[in-house]
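Each chain is listed here by its residues.
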Amino acid sequence: MTRMIHGVSGAALILCAGLAATPAQAQALQDRFWLEASAYWPNVDTKIEVSSVQRPDVGTEIDFEQDLDLTDRKTLPAFFAGARLGSNFSVGLEYYSLSRKGEQVIDRDITFDDVTYPVNANVSSKFTTDVYRLTVGYAFLRKENYEFGAALGLHATDFEVKLEGQGSVGGAASSVQARKRDVLAPLPTIGLFGAWEIAPKLTINGRVDYLSLKIDDYDGRLINAQAAISYRFHKNIGAGVMYRYVDYRVDVDKENWQGRVSYEFSGPSIFLQVGF
């Protein structure tokens, strides 16, 4: 039996005001518009727990990398676009995605959405995330070679998780059971950003976000930090390296299900940028 339930709707978490990290990734301070493509190679740690309202205490915290053999390293393509609106305002949009599949003979009982997969069962799994980030920033301090400011932002993550294998529901006979969950979790953020052109054509920048927020049936937390250095080897073309850390958690307490998604990844990336 397969069951699909859409969890956190796009309107579930209010797009409330907050300060976010810089909407600019690693653009030169003189750019008015910029595009960026990067290859991000993070170390990933994924933990998920799903239980029903009828049995809220029956649900296993599953470590997808250890319990279900999902790879903890994978290259993610990422894309970013931004523009300056006047001398101090800027807007940016980012997207990246990660999809992984695994198959494992599990070494303990796992209960997911009322299905118990027993020890030694062969369980296949899939975990996919699409991350969308929108920010509108304001630089409080801005000179020819540096800037510092804050921004309003939204960090939205679309999670999809699926388990399938021999399992039982409520003590019934074992049979092939599949469960799938979709969760769209938008979170506003608060943070600061800065950039400094330390030498001609060479720019360093960084940003940090944080927000912990409870709204109705949802309790979310987001920590995001990154630092980058880029070199503009042509008037309109540059390249650089960046390190990024993200710690993302959403607790759900709905009428039809309860659970948690905990998602942490960190690692380096290389990028190519075009600005004008």
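Up top is the structure.
A few points on the structure. Here the structure is a predicted model, which is why all the values come from computation and not from measurement.

## Side note on the overall build of the protein
For step 1, the next point in the chain: Along the protein, the regular secondary structure elements total zero helices and 17 strands.
For step 2, the next point in the chain: A total of 276 residues make up the protein; the buried ones form 49% of that total.
For step 3, the next point in the chain: Look at the contacts in the protein between residues 6 or more apart in sequence, and 68% of them connect residues 24 or more apart.
For step 4, the next point in the chain: Carbon and sulfur atoms form 59% of the exposed surface of the protein, whose accessible area is close to 12,500 Å².

## Notes on the side chain of Asp209
For step 1, the next point in the chain: You can see Asp209 is positioned in strand E14 (residues 202-215).
For step 2, the next point in the chain: Owing to a relative accessible area of 1%, Asp209 belongs among the buried residues under this scheme.

## Structural notes on the packing of aromatic side chains
For step 1, the next point in the chain: Inspection of the entire model under this criterion finds twelve aromatic pairs.
For step 2, the next point in the chain: Positioned above the aromatic ring of Trp41 is the side chain of Arg73, whose terminal nitrogen or guanidinium carbon lies 4.3 Å from the ring centre.

## Points about the side chain of Gln226
For step 1, the next point in the chain: When you line up the elements, Gln226 lands in strand E15 (residues 218-231).
For step 2, the next point in the chain: Among the polar contacts made by the side chain of Gln226, one reaches the side chain of Arg244 at a distance of 3.3 Å.

## Here's the deal with the environment of Arg133
For step 1, the next point in the chain: Examined against the element boundaries, Arg133 turns out to sit in strand E10 (residues 122-142).
For step 2, the next point in the chain: Overall, the relative accessible area of 3% leaves Arg133 in the buried class.
For step 3, the next point in the chain: As a C-alpha pair, Arg133 and Pro188 span 55 residues in sequence and 9.8 Å in three-dimensional space.
For step 4, the next point in the chain: Polar contacts involving the side chain of Arg133 include one to the side chain of His155, which spans 2.9 Å.

## Focus on the pattern of salt bridges
For step 1, the next point in the chain: Summed over the entire model, instances satisfying the criterion amount to 18 salt bridges.
For step 2, the next point in the chain: In this structure, the salt-bridge partner of Asp45 is Lys47, at a minimum N-O distance of 3.0 Å.
For step 3, the next point in the chain: The partly exposed category is assigned to Lys47, whose relative accessible area is 24%.
For step 4, the next point in the chain: One salt bridge connects Arg249 with Asp219, and the closest N-O pair in it is separated by 3.6 Å. With Arg249 in strand E16 (residues 237-253) and Asp219 in strand E15, this pair connects stretches of sequence that are 30 residues apart.
For step 5, the next point in the chain: Relative accessible area serves as the criterion here: at 14%, Arg249 is assigned to the buried category.
For step 6, the next point in the chain: For Asp219, a relative accessible area of 23% puts it in the partly exposed group.
For step 7, the next point in the chain: It is possible to trace a salt-bridge network through shared partners that takes in Asp219, Arg249, Asp251 and Arg260.

Conventions we followed
- Residues numbered from 1 in each chain as written.
- Predicted model: local features only at pLDDT ≥ 70, side-chain atom pairs only at ≥ 80, totals over all residues.
- Heavy atoms only, no water.
- Helix = DSSP H or I, 4+ residues; strand = E, 2+ residues; numbered from the N terminus.
- Buried < 20%, exposed > 50% of the residue type's maximum accessible area, 1.4 Å probe, protein only.
- Contact = heavy atoms within 4.5 Å.
- Areas by Shrake-Rupley, 256 points an atom, 1.4 Å probe, with all protein chains shown as cover.
- Phe/Tyr/Trp six-rings, centres within 6.5 Å; stacked < 30°, edge-to-face > 60°.
- Lys NZ or Arg CZ within 6 Å of the ring centre and 35° of its normal.
- Polar contact = N/O pair within 3.5 Å; in protein donor to acceptor, adjacent residues only side chain to side chain.
- Salt bridge = Lys/Arg side-chain N within 4 Å of Asp/Glu carboxyl O.

On their own, these measurements won't tell you what the molecule is for.
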